[in-house]
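An overview of the molecular structure
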Amino acid sequence: MAPTEQKALVLLTTGGEFAVQSKSVTTSGAGEVLARIESTALNPMDCKVKAFALPFVSYPGALGTHGAGVVEEVGEGVANLKKGDQILWQGSFTDERATFQQYALVKADLAAKIPDNASRDGQGPQGGGAGLTPFYAAPNTYTGQPLVVLGGPTSAGQYVIQLARLSGFSPIIATASVKHSDYLKSLGATHVLSRDLATEALSAEIDEVTSQPIKYVFDTVGGAQKVGWALLASGGTLVLTLPAVEGIVRGQDGKTFVNVGGNVNYPAQNELGRELDARLIQLLESGLIKVGRHFQ
Ligand SMILES: NC(=O)c1ccc[n+]([C@@H]2O[C@H](COP(=O)([O-])OP(=O)(O)OC[C@H]3O[C@@H](n4cnc5c(N)ncnc54)[C@H](OP(=O)(O)O)[C@@H]3O)[C@@H](O)[C@H]2O)c1
């Protein structure tokens, strides 16, 4: 049986300090499970909530939106999970669903069962991190199309590369520190170019790799948007994890951009979350994708 009290890492006030506090454990309602959290992840958004005093949280509030752990309690009407199952999920910045605490409520249909043979360590980031990636719909959808991934070693970038490989993109050109080259190639990058190259030099190196126009660039860094926009050919799409910066305008020079992100707990993204969880587990079980590494 789950305890009634737990420890949580809470942000005390808007833009304030973190502290460990005791708080009560909420019982799971219909369609929910109560999970004991064994692994969580820092998302840049956790830092941004504090640094920019973002108004997502009622204070004192627990942060954390990535969880992996064990089902402790099953609410009414839940058929897909049972006590003791290992799961991963995307949490949200609400008192009961944040993941910088020992227990959290999870919507049962938005939790993915972790394969029995897998470790829960490192699974935490996947629920949301993989949500950033181009949705892998069918093998070889983009066969032979070049893709440039700015920031191969970011959490997002590692999944972008793997899913891009499955989608048939080729060549997959990632920017990174040279020390990450072998690892990124093991994920599916065909070429790794130095993150320190200025835009013109990077463009020249890409020209050496492919003579095709670059129709897809994924900026996983957030700060490489202008580089990505410059590399993109007319008719191309820049994929962004952060809002577009000034100077990047849809339609300019025949280029466009899309923003990816969000949270599968939003009603509009529930269906995406269900599909993504099902595919993610299949891909992990079959070994087609690996859990990403953490470099910071
Ligand atoms: N839209 C959303 O829902 C969403 C969700 C999560 C994150 N994000 C945003 O996505 C961005 C990345 O977050 P993340 O958690 O995936 O990153 P992360 O894991 O914290 O990224 C760290 C890695 O990025 C590499 N890196 C940093 N700058 C680089 C550059 N200019 N070129 C190549 N590599 C670079 C570092 O390389 P070294 O090891 O060489 O230093 C390090 O390995 C952040 O801005 C974050 O706010 C958005």
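Not measured: the values here are computed from a predicted model.

1. Re the domain arrangement of the chain
One can read the domain layout of the chain as domain 1 (5-123) and domain 2 (147-259). Centre-to-centre, using C-alpha coordinates, domain 1 lies 32 Å away from domain 2.

2. A word on the pattern of salt bridges
Under the counting rule described, the total for this entry stands at 11 salt bridges. Of the charged contacts in the structure, one is a salt bridge between glutamate 72 and arginine 36, with a shortest N-O distance of 2.4 Å. Note that glutamate 72 is positioned in strand 5 (residues 66-74) and arginine 36 in strand 3 (residues 32-40), a separation of 36 residues in sequence. When its relative accessible area of 27% is taken as the criterion, arginine 36 is described as partly exposed. In this structure, glutamate 72 engages lysine 83 in a salt bridge whose closest nitrogen and oxygen atoms are separated by 3.9 Å. Here the residue glutamate 72 occupies a position in strand 5, and lysine 83 occupies one in the loop between strand 5 and strand 6 (86-90), the gap between them amounting to 11 residues. Judged by its relative accessible area of 11%, glutamate 72 is buried.

3. Brief notes about the sheet that holds strand 9 (residues 147-150)
Strands pair in a sheet through their backbones, by hydrogen bonds, and they do so in one of two ways: parallel or antiparallel. Spatially, the six strands line up as an open sheet ordered 11-10-9-12-13-14, and their pairing is parallel. Sheet topology places strand 11 (191-194) and strand 14 (256-259) at the edges, where each strand pairs with a single neighbour. Looking at each pair of strands side by side, their axes are set apart by 20° on average, direction ignored. Relative to strand 13 (residues 237-240), strand 12 (residues 216-219) is paired through four bridges, and the arrangement is parallel.

4. Quick notes on the packing of aromatic side chains
For the structure shown, the criterion picks out three aromatic pairs. Geometrically, the ring pair formed by tyrosine 142 and phenylalanine 169 is stacked, given 4.5 Å between the ring centres and 10° between the ring planes. Of this pair, tyrosine 142 sits in the loop between helix 2 (126-129) and strand 9 while phenylalanine 169 is found in the loop between helix 3 (155-167) and strand 10 (172-176), placing the two residues 27 residues apart along the sequence. Taking 5.5 Å as the distance between ring centres and 75° as the angle between the ring planes, the aromatic pair formed by tyrosine 142 and tyrosine 216 counts as edge-to-face. Here tyrosine 142, found in the loop between helix 2 and strand 9, pairs with tyrosine 216, found in strand 12; they are 74 residues apart in sequence, far enough to count as distant. Among the residues examined, tyrosine 142 registers a relative accessible area of 30% and is labelled partly exposed. By relative accessible area, which is 24% here, tyrosine 216 ends up partly exposed.

5. Some points on the environment of valine 264
Structurally, the position occupied by valine 264 is in the loop between strand 14 and helix 7 (270-285). What makes valine 264 buried here is its relative accessible area of 8%. When the C-alpha atoms of valine 264 and threonine 13 are compared, they prove to be 26 Å apart, with 251 residues separating the residues in sequence. When residues no more than four places from it in sequence are discounted, the contact partners of valine 264 are Gln90, Leu110, Gln269, Asn270 and Gly273.

6. Quick word on the pairing of strand 12
Direction of pairing for strand 9 relative to strand 12: parallel, over a ladder of three bridges. Note on strand 12: the bridge partner recorded for valine 148 is valine 217. Once the chain exits strand 12 it traverses helix 6 (residues 225-231) before rejoining the sheet at strand 13, and the crossover so formed is right-handed.

7. Examining the site of the ligand
Every one of the 22 residues lining the ligand counts as a neighbour, but Lys48, Ser155, Ser177, His180 and Thr241 are closest to it. With respect to the ligand, the side chain of arginine 195 contributes an N or O atom lying 3.2 Å from an oxygen atom. For the ligand, a nitrogen atom lies 2.9 Å from a polar atom in the backbone of threonine 241. Contact with the protein chains covers 78% of the free accessible surface of the ligand, which is 940 Å².

8. As for unusual backbone geometry
Residue proline 60 is reached from tyrosine 59 by a cis peptide bond, and omega for that bond is -10°. Considering the arrangement of structural elements, one finds proline 60 in the loop between helix 1 (44-51) and strand 4 (61-62). Residue proline 171 is bonded to the preceding serine 170 through a cis peptide linkage, with omega at -5°. Summarising the element assignment, proline 171 is placed in the loop between helix 3 and strand 10. A positive phi is found at aspartate 253, a non-glycine position, where the angle reads about 55°. By the secondary structure assignment, aspartate 253 is in the loop between strand 13 and strand 14.

The rules behind each value
Residues numbered from 1 in each chain as written. Predicted model: local features only at pLDDT ≥ 70, side-chain atom pairs only at ≥ 80, totals over all residues. Heavy atoms only, no water. Domains from an automatic or database assignment. Salt bridge = Lys/Arg side-chain N within 4 Å of Asp/Glu carboxyl O. Helix = DSSP H or I, 4+ residues; strand = E, 2+ residues; numbered from the N terminus. Buried < 20%, exposed > 50% of the residue type's maximum accessible area, 1.4 Å probe, protein only. Pairing = 2+ DSSP bridges. Axes fitted to C-alpha atoms, helices over the stretch in contact; angles between N-to-C directions. Phe/Tyr/Trp six-rings, centres within 6.5 Å; stacked < 30°, edge-to-face > 60°. Contact = heavy atoms within 4.5 Å. Right-handed = clockwise from strand over helix to strand, strands pointing away. Near = heavy atom within 4 Å. Polar contact = N/O pair within 3.5 Å; in protein donor to acceptor, adjacent residues only side chain to side chain. Areas by Shrake-Rupley, 256 points an atom, 1.4 Å probe, with all protein chains shown as cover.

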